[in-house]
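# Results of the structural survey
Here is how the chains run, residue by residue.
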Amino acid sequence: MKVVLRNPVREVDIPGPRPAYLVLADLGLAREAHLVIRNGTLVPSDARLEDDDRVEIRPVISGG
Amino acid sequence: MSATDRPRGGHQPSRCRVCKEPAVIDLPRHNANFCADHFLELCRRQVTKAIERFGMLAPGERVLVAVSGGKDSLALWDLLTDLGVEADGLYVGLGIGDYSDTSGEHARRFARERGLVLTEIDLRDEYGYDVPTAAVATGRVPCSACGLSKRHLFDRAARDGGYPVVATGHNLDDEAAVLYGNTLRWDVEMLARQLPVLPARAGFPRKVKPLVRLTERETAAWCLVRGIDYLVEECPMSVGNKHLGYKEALNRLEAESPGAKAAFYLGFLDRMAPLLADRAAQAVDGLERCLRCGAPTTSEICAFCRLVERTAGHGPVPVELALARGRR
Ligand code: SF4
Ligand SMILES: [Zn+2]
Ligand SMILES: [Zn+2]
C-alpha cells in the first residue's frame, strides 16, 4: 500500500494486509503521536490496511 | 464475531465502547475505542469539564480565541462554538514566510465557511516587523519575540473589543511538556503560575485553556472527524524546540503506561497547584501604564513597545537566516 507521511510530505510503500499499529511500528512512529487515515477516513490502530488502500499517517505533535 | 458482522470493504475489528458501531479511534488512556459521534461526545465532555472545574467562562461571556490555523486553535474555536459559546477569532500575521501565508488561509477559510468573525493583525503591516526580523534584531530565539507579540496583541484586542476572556488552544501534551520542563528545573515560580486559568487583572483579560483535558492526538482527531482543514505543517521556527523533546519523552512513558500524561498534569492541578497558590498570588501587584501604548507594564515602556523600537529600521530577515542564527 502507498503510505503518505507528512512534515515533509513523502510516500513509502508497505506490503499489506497489515494492521495500522504494525505499520506505525515498521516506520518507527509512536502511536500516541500519530493518526492513521485510510481512504480519507480516520481508523483505529488495529484497522487492517490492505494493499489497495490509500493511507496517510499524520503526525499530531506541535512544537510551538 | 462472525464474518458477516464485519464492515464491508475492510476488516475492522474494534468497536465503539458506547454503541458497538465500528470505531474510528482507539484511546488507550481511556482503554476504549470510539465511533465518530461518541468520540466527539467525549471531547465535548472533556472541554465542558475543564471549563466548569476551573471556572473558565461565565454564562454569556464573549470569548476571543487565539487562532493560528493549526489543529488546536481551530478545534478550540469549533468546540466553543459547538458548545454554544459566543467566540470570535483573532489571527496574528507573524511574517514567518510560507508558513504564515498558508496558516492565514486556513484560518480565514474556517471562519468564512462557518460564518464566524475573524479579526486579523499583521505584524509587518501594522508594526513594521515580523518574527524572523525580531529574532535577529533582539538576538533571542524566534519563539520569544513571537510569544511576546502575540500576548500583547491578544490582550489589547480583548481590551479594545470588550472581550473579558482570551482562550488559547493549549492541549494536555503542551501543558504536560511545560510542567515536565518546570519540574526538571524545579522552577517554583513557573510551576505556581502554570494554571489553565489566569484571572483578569488590571487591564489584562482572563486567559483560559479549555483544551487542557484533550491530548493533541485527540484535538487533531476532532478536526479530522469534523472535516476541519487545518494546517498540518509546523512552524519552521519550532525545529529543535525543547518542548518537542519533552513531548517525545512523555509519549514514550504514555506508550508504557497509558494515562501517564493525564495523571501527571491533571494530578499536578489537583494536588500540587493548590499548595503553590500563595506564590501565584504574589506576582500581580505593581503595574503601571506603558507611556507609549497604555498597556499595563512593570516598566515605563512595555516590552512590546521596546521590541517595536528595537526592530525599527531593521530590514526584513528571511526565515532561513533567522533559523540559521537560532541554531548557532
Ligand atoms: S513555533 Fe515559535 S515562532 Fe513559530 S508560531 Fe510558535 S511561538 Fe511563534
Ligand atoms: Zn459509538
Ligand atoms: Zn507599550
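Residues numbered from 1 in each chain as written. Chains lettered and ligands numbered in written order. Predicted model: local features only at pLDDT ≥ 70, side-chain atom pairs only at ≥ 80, totals over all residues. Heavy atoms only, no water.

## A look at the coordination of the zinc ion (ligand 3)
Residue and element names in this part refer to chain B. Looking at the metal site, the zinc ion (ligand 3) is ligated by Cys 290 (SG), Cys 293 (SG), Cys 302 (SG) and Cys 305 (SG), spaced 2.3 to 2.4 Å from it. Given 4 donor atoms and angles of 107 to 113° at the metal, the environment of the zinc ion (ligand 3) is assigned as tetrahedral. Mapped onto the sequence, the residues coordinating the zinc ion (ligand 3) show the spacing C-x2-C-x8-C-x2-C. (Donors = N, O, S within 2.8 Å, 3.2 Å for Na, K, Ca; no water. Tetrahedral: all angles 85-135°; square planar, octahedral: opposite > 155°, others 65-115°.)

## A short note on the interface of chain B and chain A
With 29 residues of chain B in contact, the opposing surface of chain A contributes 23 residues. Buried surface at the junction of chain B and chain A, summed over both partners, amounts to about 2500 Å²; 53% is from carbon and sulfur atoms. Seen at the junction of chain B and chain A, the total is 3 salt bridges. In this structure, Glu 32 of chain A engages Lys 261 of chain B in a salt bridge whose closest nitrogen and oxygen atoms are separated by 2.8 Å. The interface formed by chain B and chain A contains 13 residue pairs in polar contact (both at pLDDT 80 or more). When contributions to the side of chain B that touches chain A are tallied by element, the ones reaching two or more residues are β1 (25–27), α2 (71–82), α9 (216–226) and α10 (242–256) of chain B. Looking at which element gives the most residues to the side of chain B that touches chain A, the answer is α9 of chain B, with 6 residues. A class-by-class count of the residues in the side of chain B that touches chain A yields 12 nonpolar, 7 polar and 10 charged. (Contact = heavy atoms within 4.5 Å. Buried area = accessible area lost by both parts, 1.4 Å probe. Salt bridge = Lys/Arg side-chain N within 4 Å of Asp/Glu carboxyl O. Polar contact = N/O pair within 3.5 Å; in protein donor to acceptor, adjacent residues only side chain to side chain. Helix = DSSP H or I, 4+ residues; strand = E, 2+ residues; numbered from the N terminus. Nonpolar A, V, L, I, M, F, W, Y, C, P; charged D, E, K, R; others polar.)

## Here's the deal with the sheet that holds strand β2 (residues 10–13) of chain A
All names here are of chain A. Strand order in this open sheet of 5 strands is β2-β1-β7-β4-β5, and the pairing throughout is mixed. Of all strands in the sheet, those with a lone pairing partner are β2 and β5 (41–43), marking the two edges. Sheet twist, expressed as the average angle between the axes of neighbouring strands with direction ignored, equals 30°. In this structure, strand β1 (residues 2–5) lies alongside β2, joined through 4 bridges in antiparallel fashion. Across the sheet, residue Val 4 finds its bridge partner in β2, namely Glu 11. (Pairing = 2+ DSSP bridges. Axes fitted to C-alpha atoms, helices over the stretch in contact; angles between N-to-C directions.)

## Re the side chain of Glu 175 of chain B
All names here are of chain B. Within the fold, Glu 175 resides in helix α7 (residues 172–184). Glu 175 sits in the buried class, given a relative accessible area of 2%. Beyond its immediate chain neighbours, meaning those up to four positions away, Glu 175 contacts His 170, Gln 194, Lys 209, Val 212 and Tyr 265. (Buried < 20%, exposed > 50% of the residue type's maximum accessible area, 1.4 Å probe, protein only.)

## A closer look at the coordination of the zinc ion (ligand 2)
Residue and element names in this part refer to chain B. For the zinc ion (ligand 2), the full set of protein donor atoms is Cys 16 (SG), Cys 19 (SG), Cys 35 (SG) and His 38 (ND1), at a range of 2.1 to 2.3 Å. Given 4 donor atoms and angles of 97 to 113° at the metal, the environment of the zinc ion (ligand 2) is assigned as tetrahedral. Mapped onto the sequence, the donors of the zinc ion (ligand 2) take the spacing C-x2-C-x15-C-x2-H.

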